[in-house]
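Each chain, written out:
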Amino acid sequence: MPKTEITDGGVKVTFMRKNANVDAINETTEKTTEKTTEKTTEKILAAIQRNPYVTTKELATLCGITEDGIYYNTKKLRSKGILRRVGGDKGGHWEIL
């Protein structure tokens with residue numbers, strides 16, 4: 001049932017909705033995001049396994065995401081102790097631990 005209020009500038013109508021639907025949508029979104037991130041990290045690790053000298057730009061093309069997305073995912077993998085960068089950006093390589 002909408003809530004109606006008369007204000008100085010006119011009429012304000014507020015529509016209420018059940019939180020159960022919002023919670024279900026949020027849960028589905030979280031699960032989808034988890035699966036997508038999992039697939040992306042698998043793609044990144046597979047590409048690095050094939051070529052440890054692969055660049056961020058090449059990883060982005062292979063995974064179909066942006067370079068920022070690659071940076072985000074490799075940072076997570078490094079913080080979990082799964083991935084390490086040895087050497088500089090131009091002459092270095094990746095190591096899967």
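Preceding this section is the structure that the text describes.
Before going into details, it helps to say that this report is about the structure given with it. (Residues numbered from 1 in each chain as written. Predicted model: local features only at pLDDT ≥ 70, side-chain atom pairs only at ≥ 80, totals over all residues. Heavy atoms only, no water.)

Here we look at the packing of aromatic side chains
Put simply, the rule reads: Only centres within 6.5 Å qualify two rings of Phe, Tyr or Trp (six-membered ring in Trp) as a pair; their planes then separate them into stacked at under 30 degrees, edge-to-face at over 60, and tilted for everything else. Charge-over-ring contacts are defined here by two conditions on Lys NZ or Arg CZ: a distance within 6 Å of the ring centre and an angle within 35 degrees of the ring normal.
Applying the stated criterion across every chain, the model contains zero aromatic pairs. The ring of W94 carries R85 above its face, with NZ or CZ at 4.9 Å from the centroid.

A few points about helix α2 (residues 56-63)
The condition is simple: Relative accessibility decides the category of a residue: with a 1.4 Å probe and only protein chains considered, values under 20% of the type maximum give buried, values over 50% give exposed, and everything between is partly exposed. Numbering goes from the N terminus for both helices and strands, where a helix is a DSSP run of H or I of at least four residues and a strand is a run of E of at least two. Relevant arc is that of directions from the helix axis to the C-beta atoms, nothing else.
Here α2 has its buried residues at L59, A60 and C63. Angularly, the buried residues of α2 cover 100° about the axis, an arc narrow enough to put them on a single face. Set apart from the buried face of α2 by more than 90 degrees, the exposed residues are K57, T61 and L62.

Some words on the pairing of strand β2 (residues 10-14)
Strand residues, when the strand is regular, have side chains that alternate between the two faces of the sheet. This is how it is decided: Pairing between two strands is assigned when DSSP locates at least 2 bridges connecting them.
Bridge analysis of strand β1 (residues 3-7) against β2 gives five bridges, and the strand direction is antiparallel. Bridge assignment links T7 to a residue of β2, and that residue is G10. In textbook terms, the turn of a hairpin is the stretch between consecutive antiparallel strands, and for β1 and β2 this stretch comprises two residues.

Concerning the side chain of N73
The criterion, for reference: Any pair of N or O atoms that falls within 3.5 Å is considered a polar contact. Within protein, one atom must be able to donate a hydrogen and the other to accept it, and sequence-neighbouring residues count only if both atoms are side-chain atoms.
If you trace the backbone, N73 turns up in helix α3 (residues 67-79). Reaching out from N73, the side chain makes a polar contact with the backbone oxygen of G69 at a distance of 2.7 Å.

Some details on the pattern of salt bridges
Quick note on the threshold: We count a salt bridge whenever a side-chain nitrogen from Lys or Arg sits within 4 Å of a carboxyl oxygen from Asp or Glu.
Applying the stated criterion across every chain, the model contains two salt bridges. Among the salt bridges present, the one from E5 reaches K3, with a minimum N-O distance of 3.8 Å. Classification of E5 by relative accessible area gives partly exposed; the value is 30%. The salt bridge partner of R84 is E95, with a shortest N-O separation of 2.4 Å. You can see R84 sitting in strand β3 (residues 83-86) and its partner E95 sitting in strand β4 (residues 93-96), a full eleven residues away along the chain. By relative accessible area, E95 is classed as partly exposed at 27%.

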